[in-house]
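Summary of structural features
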Amino acid sequence: DSAEAASLQAYADTVSGRPLMDAPPLPATIAGEKEAPAVGVTEWRLSNGVRVILKPTDFKNDEIIFTAYSPGGSSLVPDSEYIPAATATSIVEEGGLNGFDAITLQKMLMGKLVSVSPQIGELEEGLSGSSTPQDLETMFQLIYLYFTAPRVDSSAYLAYRSRILAYLKNRSSRPESAFEDTIEVTLSQHHPRRQPWTEQLFDRMDFRSSFNIYRDRFADASGFTFLIVGSVSPEKIRPYVLQYLGALPGLHRNERWKDVGVRPPKGVIEKSVRKGIEQKSQVQIVFTGPFAWSQENRYALNSLTSALEIRLREILREEKSGTYGVSVNGSAERDPVRQYSIRIGFSCSPERVEELSQSVFAEIGRFKQSGVEDSYLLKVKEEQRRERQTDLKRNGFWLSYLKFYYQNDEDPASILRYDSLVERLSSKILQDAARTCFDMNNYLDVVLYPRE
């Protein structure tokens, strides 16, 4: 009766009438400018130390994407604060910006195709995002606010904690989680920064520590490089770059990342994980070692893993009918130490693990002994040429490759050498790479079995 007699008003969704920023910051100036005409890149050095790399394209008339990075990351905090550092950007995104909570911010951006997200990795901090030409200024405003006006929200933090806790409880019940954790913990030799996320580790979260770490990592923009690719001209974007990126704080701390000491183990390590009841096994074989850093060696590593994946797919799936698929992934890194990693993974029935694993090692031995047959070499080259033709017309490709070359202090025009690398690829090059990378006295072999 009281409900029927009550005077009720319909819910009215309100959006703040305030703009994202009360007033634009004072613009900076360009301290230096140069061109890289071979790849169509313009580089600006701003008066506050920020570096901007711009590549205009005409691949998509409504897409502008960017990424930004600065050396440092979570490596500059002690191990005891690693969890607050790892969760810092998520907590800031949950809190909102410039006095607006995250929900209000989302409503204010309704109808705009724009996104900006901060990240703190192990060796760098940065941002990434996208916009259309119409929403370009909003993107730059969000970048500016993530540096200068992050917002802390204890209620949003508690909700975030609840979601993480629910995720961890569900994750611990998955057999695959125990398998993946065993691989990562073993590869890091139980380094404290590579421990599996558990409810006990989760207790180290602290939103005040996270917020302070975030503010420190984004306190100095002078070490940042911004790479912007897409449908925009230097004339159109220059005012926004000067106004918003040029006004970012520049403390000129000249920071570098710190080597926290994560290293793979030496020798042959074999481990079995028994978890779950499904009659299915997963196998992961990981080779690691020192790497001679060069474009040629990186290309040889990627070509080797492509050839081996094609061959193992034929053997394990088509000839032996032992698995639905097999993956072979290779990567190399320069920092903190120059090293490579090759991961070979497949799933199969438990009783066929040994048979199929032996086939993998037999094919590796054949690559080392006899090289790669011409038929596989041709398949690799054809696939690489086809992918490159598509990649050269994608903004995402140019953004990731330009970041890689600038971050590693290499000439971005080296991108254009790719066709000549493909042309020169030979069985001998892949054989040499196989002999270098597949050290049979140094690998990790982990198998997931159902619980007995």
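Presented here is an overview of the structure given in this document. (Residues numbered from 1 in each chain as written. Predicted model: local features only at pLDDT ≥ 70, side-chain atom pairs only at ≥ 80, totals over all residues. Heavy atoms only, no water.)

In this section: the pattern of salt bridges. Tallied over the full model, the rule gives 35 salt bridges. Note that Arg 253 and Asp 220 form a salt bridge whose closest N and O atoms lie 3.9 Å from each other. A residue pair is termed long-range when its members are at least 10 positions apart, and Arg 253 in the loop between helix 10 (234-245) and strand 8 (268-274) and Asp 220 in the loop between helix 9 (207-217) and strand 7 (225-230) qualify at 33 residues. Between Arg 334 and Asp 335 there is a salt bridge; the shortest N-O distance is 3.3 Å. (Salt bridge = Lys/Arg side-chain N within 4 Å of Asp/Glu carboxyl O. Helix = DSSP H or I, 4+ residues; strand = E, 2+ residues; numbered from the N terminus.)

Attention now moves to the side chain of Arg 217. Checked against the element boundaries, Arg 217 lands in helix 9. A polar atom in the side chain of Arg 217 sits 3.0 Å from the side chain of Asp 216. In this structure Arg 217 touches Pro 71, Gly 72, Gly 73, Leu 76, Ile 120, Glu 125, Phe 224, Arg 253 and Glu 255, once residues within four positions along its chain are discounted. (Polar contact = N/O pair within 3.5 Å; in protein donor to acceptor, adjacent residues only side chain to side chain. Contact = heavy atoms within 4.5 Å.)

Moving on, we come to the packing of aromatic side chains. Under the defined criterion, the tally for this structure stands at 19 aromatic pairs. Both rings, one in Phe 147 and one in Phe 226, keep their centres 6.4 Å apart while their planes meet at 40°; by these two values the pair is tilted. Of the two residues, Phe 147 is situated in helix 5 (residues 136-148) and Phe 226 in strand 7; the sequence distance between them amounts to 79 residues. Here Phe 226 falls in the buried class, since its relative accessible area comes to 1%. Summarising the aromatic geometry, the rings of Phe 287 and Tyr 443 are spaced 5.4 Å apart at their centres and angled 40° between planes, so their arrangement reads as tilted. (Phe/Tyr/Trp six-rings, centres within 6.5 Å; stacked < 30°, edge-to-face > 60°. Buried < 20%, exposed > 50% of the residue type's maximum accessible area, 1.4 Å probe, protein only.)

The residue Asn 302 is located in helix 11 (residues 295-319) in this model. Asn 302 sits 128 residues away from Arg 174 along the chain, and the two C-alpha atoms are 31 Å apart.

Burial of strand 5 (residues 114-120) is one-sided: the residues Val 114, Val 116, Pro 118 and Ile 120 facing one way are buried, the residues Ser 115, Ser 117 and Gln 119 facing the other way are not. The pairing of strand 5 with strand 6 (residues 124-131) spans 7 bridges and is antiparallel. Looking at strand 6, one finds that Gln 119 is bridged to Gly 126. Here strand 5 hands over to strand 6 after 3 residues, the two strands then running antiparallel side by side. (Pairing = 2+ DSSP bridges.)

It is worth spelling out the environment of Leu 168 at this point. Relative to the elements of secondary structure, Leu 168 occurs in helix 6 (residues 154-172). Contacts of Leu 168, omitting those with residues within four sequence positions, involve Trp 197, Thr 198, Glu 199 and Phe 202.

Three or more residues of helix 16 (residues 427-437) are buried, namely Ser 427, Leu 430, Gln 431, Ala 433, Ala 434 and Cys 437. Down the axis of helix 16, the sector holding all buried residues measures 165°, keeping them to one side. Those residues of helix 16 that are buried are in contact with strand 9 (281-290), helix 11, strand 11 (339-348), helix 12 (353-370) and helix 13 (374-391). (Arc of directions from axis to C-beta.)

With the exception of glycine, the majority of residues adopt a negative phi angle, and the majority of peptide bonds are in the trans configuration. Geometrically, the link from Asp 335 to Pro 336 is a cis peptide bond, its omega value of 0° lying close to zero. Residue placement: Pro 336 occurs in the loop between strand 10 (326-333) and strand 11. A positive phi angle is found at Ser 321, which is not glycine, with a value near 50°. Checked against the element boundaries, Ser 321 lands in the loop between helix 11 and strand 10.

Now for the sheet that holds strand 12 (residues 443-449). Here 5 strands make up an open sheet; going across it, the order is 8-12-9-11-10 and the pairing mixed. Looking along the sheet, the strands with just one partner apiece sit at the ends: strand 8 and strand 10. Each strand axis lies, on average, 15° off the axis of its neighbour in the sheet, ignoring direction. In terms of strand pairing, strand 8 meets strand 12 through 7 bridges, oriented parallel. Pairing of Ser 272 across the sheet is with Val 447, part of strand 12. Helix 11 rests against strand 10 and strand 11 of the sheet, and its axis sits at about 170° to strand 10. (Axes fitted to C-alpha atoms, helices over the stretch in contact; angles between N-to-C directions.)

If you look at the biggest cluster of nonpolar residues, it comprises 46 residues, and the most contacted ones within it are Phe 140 and Phe 226. In terms of residue count, helix 5 provides more of this core than any other element does, 9 residues in total. (Core = buried A, V, L, I, M, F, W, Y, C linked by side-chain atoms within 4.5 Å.)

For strand 2 (residues 41-46), the tally of buried residues reaches 5 of 6 residues, placing the bulk of the element in the interior. For strand 1 (residues 30-36) and strand 2, the ladder comprises 6 bridges, and the chain directions are antiparallel. Of the residues in strand 2, the one forming a bridge with Glu 33 is Trp 44. As consecutive antiparallel partners, strand 1 and strand 2 are separated by 4 residues, and within that stretch Gly 40 has a phi angle of approximately 65°, a positive value.

This brings us to the sheet that holds strand 3 (residues 51-56). Hydrogen bonds between backbone atoms are what pair the strands of a sheet, whose relative direction is either parallel or antiparallel. With mixed pairing, 7 strands are arranged side by side in an open sheet as 1-2-3-7-4-6-5. Single-partner strands in this sheet number two, and they are strand 1 and strand 5. Along the sheet, successive strands turn relative to each other by an average axial angle of 15°, direction set aside. Two elements, strand 4 (residues 64-71) and strand 6, share 8 bridges in a ladder whose sense is antiparallel.

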